[in-house]
Amino acid sequence: MCPRNEESPTGQARGLKAHGKRRSTRLRTGAPWLKARLVQCAWAAARTKATYLNAQLVRLRTRRGPKKAVCAVAASILTAACHMLKDGTFSQDRGATHLDRRRPAAPARRRLKRLAELGFSVQLEPLAAVS
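A. How the structure looks around the pattern of salt bridges. What the rule picks out here adds up to one salt bridge. Measuring nitrogen to oxygen at the nearest pair gives 3.4 Å for the salt bridge that ties Glu117 to Arg114. With Glu117 and Arg114 both in helix H5 (residues 105–117) and three residues apart, this pair spans about one turn of that helix. When its relative accessible area of 53% is taken as the criterion, Glu117 is described as exposed.

Right, dumping it as structure tokens:
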């Protein structure tokens, strides 16, 4: 369930934009029955409300598109299942706000950028400390 990584590193070592060749990022071949089941489970899990997998799909869908985002969610499900089988633990959902809690300024930047694209100018001021 992992995508291929076939990109030549020309320019990346110097911190420039990649000018090398980019080849296919199609998923690697594996058990076709497993891939089909995982993608079905990912579609179902992505439709649940206020879960980590739903938040992951929504975040990735804007950049990659719906099908690649679902494949990423399927890969996350597979990784979680492997860890549960290996460690003998149960699954614990991180919650829909997990990614926003890791980087609290990121959602504000995204929304400010979107407002600027729509033609609005916004001035942010921090809230006074509540005691």
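Additional details are given in the paragraphs that follow.
B. Main features of the packing of aromatic side chains. Across all of its chains, the model carries zero aromatic pairs by this definition. Sitting above the plane of the Tyr52 ring, Arg94 keeps its charged end 4.6 Å from the centroid.

C. The arrangement of unusual backbone geometry in detail. Despite not being glycine, Ala50 has its phi angle at roughly 55°, a positive value. Of the residues examined, Ala50 reaches a relative accessible area of 60% and is grouped as exposed.

Reading the values: the criteria
- Residues numbered from 1 in each chain as written.
- Predicted model: local features only at pLDDT ≥ 70, side-chain atom pairs only at ≥ 80, totals over all residues.
- Heavy atoms only, no water.
- Salt bridge = Lys/Arg side-chain N within 4 Å of Asp/Glu carboxyl O.
- Helix = DSSP H or I, 4+ residues; strand = E, 2+ residues; numbered from the N terminus.
- Buried < 20%, exposed > 50% of the residue type's maximum accessible area, 1.4 Å probe, protein only.
- Phe/Tyr/Trp six-rings, centres within 6.5 Å; stacked < 30°, edge-to-face > 60°.
- Lys NZ or Arg CZ within 6 Å of the ring centre and 35° of its normal.

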